[in-house]
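Each chain, written out:
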Amino acid sequence: MTDQQTTDKPLNGQRPSPINSRRGKKKEWKDLTIDPLSEGYDSHQADYVVGKAPVTWALLEAGQLFSRSKSGKNLHVKLNDGRAICLDTRQPIEIKPSIRNSLQVWIVTNFNSTSANKADF
């Protein structure tokens, strides 16, 4: 085979497809629900304190504890840029890309698990 025939030959019997022609289901982001634990929920057995001022979701790092409400009555853990999980209900939440720079959360600044008198999970 000549060089020209080699370059014109399809790979594995198929022509290479461009990357832009990927098919699949587009991600559909769900709206955040109202946090059911923001008011009237008994706090954790362990002592924790949330910050006095909110920060944006984008500033949190994966693995950081935070609360979605100023009262700090609930705890979440950021898993990645788009997801977190509630430690109380064990329900995951998804954060739309359009609100990641504006969603305000309160970081847990102090957490003392040795003050717990029983397991919290």
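The structure we're discussing is the one just above.
## Some points on the packing of aromatic side chains
Now for step 1: Taken as a whole and judged by the stated rule, the model has one aromatic pair.
Now for step 2: An angle of 80° between the planes, with centres 5.5 Å apart, marks the rings of W57 and F66 as edge-to-face.
Now for step 3: Looking at W57, the relative accessible area reads 1%, which means it is buried.
Now for step 4: Assessed through its relative accessible area of 0%, F66 is described here as buried.
Now for step 5: Between K78 and the ring centre of W57, over which it is positioned, the NZ or CZ distance is 4.7 Å.

## Remarks on the side chain of S69
Now for step 1: Position of S69 among the secondary structure elements: in the loop between β3 (65-67) and β4 (76-80).
Now for step 2: In terms of polar contacts, S69 uses its side chain to reach the side chain of S71, at 3.1 Å.

What counts, and at which threshold
Residues numbered from 1 in each chain as written. Predicted model: local features only at pLDDT ≥ 70, side-chain atom pairs only at ≥ 80, totals over all residues. Heavy atoms only, no water. Phe/Tyr/Trp six-rings, centres within 6.5 Å; stacked < 30°, edge-to-face > 60°. Buried < 20%, exposed > 50% of the residue type's maximum accessible area, 1.4 Å probe, protein only. Lys NZ or Arg CZ within 6 Å of the ring centre and 35° of its normal. Helix = DSSP H or I, 4+ residues; strand = E, 2+ residues; numbered from the N terminus. Polar contact = N/O pair within 3.5 Å; in protein donor to acceptor, adjacent residues only side chain to side chain.

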